[in-house]
Structures are given as C-alpha cells and as structure tokens.
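Residue strings, one per chain:
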Amino acid sequence: MMQLIAWGAFLPSSIFFVKEAIRKEDNIKAQSVLASTTSSGAILSSLLASIIFMFSNINFLMITEIIICIIGTIFAIISIKCFKWEREDI
C-alpha cells in the first residue's frame with residue numbers, strides 16, 4: 001500500500017524534474033536513464049535484502065533498511081540543495 005502512494009508521488013515529480021532541469025533535447029535520454037536506474041535499484045535492493053535475510057534475521061534486515069533509507073534521505077536533501085539547473089530559462 002505504501003509503495004502505491006510513494007509511486008504516485010515519485011512518478012509525476014520525476015517527470016517534472018526531468019522536464020524542468022534537463023535541456024529539451026535531452027529529455028528522452030534523461031527519462032530513459034531514470035526508468036532504468038529505478039528498475040536496476042529495485043532488482044538490486046531485492047537481491048541485497050534476500051542475501052541479508054538469508055544470513056541473518058528479520059530484525060537485522062529491518063535495521064539495515066532503516067539505516068539505508070536515512071542515508072538515502074540525507075543524500076537526496078544534500079543533492080537537492082546543491083543542484084545546479086542545466087537550463088538557462090529557469
């Protein structure tokens with residue numbers, strides 16, 4: 001259920017970001033890269049979670065996921081604050 005809500009917020013915001021931040025001639029490439037990195041991230045995270053779960057217990061897996069989410073959130077906030085727009089008209 002939470003993924004449904006998260007995906008509903010992620011998809012329009014990522015399309016808006018690509019439209020606003022990337023030059024018009026590079027929009028299709030940027031959206032392709034975004035889609036492929038999203039798919040790759042989902043596959044790698046499933047693989048990593050299954051490996052962690054295989055060699056430990058669910059509590060360790062949940063703690064690991066929380067730590068990775070916190071690190072990702074910090075990285076996203078820093079990236080947004082340091083982002084330099086590529087387009088001149090913004």
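As the structure is a computational prediction, the values presented were derived from the model and not from experiment.

Details of the overall build of the protein chain
In step 1: Of regular secondary structure, the protein chain possesses 3 helices and 0 strands.
In step 2: Its helices and strands taken in sequence order, the protein chain reads α-α-α from the N to the C terminus.
In step 3: Taking 90 residues into account, the globule formula puts the C-alpha radius of gyration at 12 Å, and the protein chain, at 16 Å, lies well above it.
In step 4: Buried positions account for 10% of the 90 residues belonging to the protein chain.
In step 5: The distance from the centre of the 7 positive side-chain charges to the centre of the 7 negative ones in the protein chain is 2 Å.

As for a nonpolar patch on the surface
In step 1: Together, Leu44, Leu47, Ile51, Met54 and Phe55 line one region of the surface with nonpolar side chains, adding up to about 580 Å² of accessible area.
In step 2: Summarising the element assignment, leucine 47 is placed in helix H2 (residues 27–55).

Some thoughts on the pattern of salt bridges
In step 1: Counted under the stated rule, the structure contains 3 salt bridges.
In step 2: With a shortest N-O distance of 3.2 Å, aspartate 26 and arginine 23 are connected by a salt bridge.
In step 3: For arginine 23, a relative accessible area of 35% corresponds to the partly exposed category.
In step 4: For lysine 29, the salt bridge is made with aspartate 26, and the minimal N-O distance between the two is 3.5 Å.
In step 5: Taken together, the shared-partner salt bridges in this structure form one network comprising Arg23, Glu25, Asp26 and Lys29.

Here we look at H2
In step 1: Between its first and last C-alpha, H2 extends 42 Å over 29 residues, near the 42 Å set by a 1.5 Å rise per residue.
In step 2: Considered for burial, the residues of H2 that qualify are Asn27, Ala30 and Ile52.

Some thoughts on the packing of H2 against helix H3 (residues 58–82)
In step 1: Interhelical geometry of H2 versus H3 gives an angle of 145° and a closest axis separation of 8 Å. Of the two elements, H2 crosses H3, and the hand of that crossing is right-handed. Two secondary-structure elements touch here, H2 through Ala49, Ile52 and Phe53 and H3 through Ile58, Phe60, Leu61, Thr64 and Glu65.
In step 2: Its residues placed into classes, the contact of H2 with H3 shows 6 nonpolar, 1 polar and 1 charged.

Here we look at the side chain of threonine 64
In step 1: When you line up the elements, threonine 64 lands in helix H3.
In step 2: For threonine 64, a relative accessible area of 17% gives the class buried.
In step 3: Reaching out from threonine 64, the side chain makes a polar contact with the backbone oxygen of phenylalanine 60 at a distance of 2.7 Å.

Regarding the confidence of the model for the protein chain
In step 1: Summing up the model confidence of the protein chain, the mean pLDDT is 82 and the portion of residues at 70 or higher is 90%.
In step 2: Here helix H1 (residues 2–21) stands out as the least confident element of the protein chain, with mean pLDDT 78; H3 is the most confident, with 88.

The rules we used
- Residues numbered from 1 in each chain as written.
- Predicted model: local features only at pLDDT ≥ 70, side-chain atom pairs only at ≥ 80, totals over all residues.
- Heavy atoms only, no water.
- Helix = DSSP H or I, 4+ residues; strand = E, 2+ residues; numbered from the N terminus.
- Rg over C-alpha atoms; globule rule 2.2 N^0.38 Å.
- Buried < 20%, exposed > 50% of the residue type's maximum accessible area, 1.4 Å probe, protein only.
- Lys, Arg positive; Asp, Glu negative; His and termini not counted.
- Charge placed at Lys NZ, Arg CZ, Asp CG, Glu CD.
- Patch = residues over 30% accessible without salt bridge, like charges linked within 9 Å, V, L, I, M, F, W, Y side chains within 5 Å.
- Areas by Shrake-Rupley, 256 points an atom, 1.4 Å probe, with all protein chains shown as cover.
- Salt bridge = Lys/Arg side-chain N within 4 Å of Asp/Glu carboxyl O.
- Expected span 1.5 Å × (residues − 1).
- Axes fitted to C-alpha atoms, helices over the stretch in contact; angles between N-to-C directions.
- Left-handed = near helix turned anticlockwise from the far one by under 90°.
- Contact = heavy atoms within 4.5 Å.
- Nonpolar A, V, L, I, M, F, W, Y, C, P; charged D, E, K, R; others polar.
- Polar contact = N/O pair within 3.5 Å; in protein donor to acceptor, adjacent residues only side chain to side chain.
- pLDDT = per-residue confidence, 0-100.

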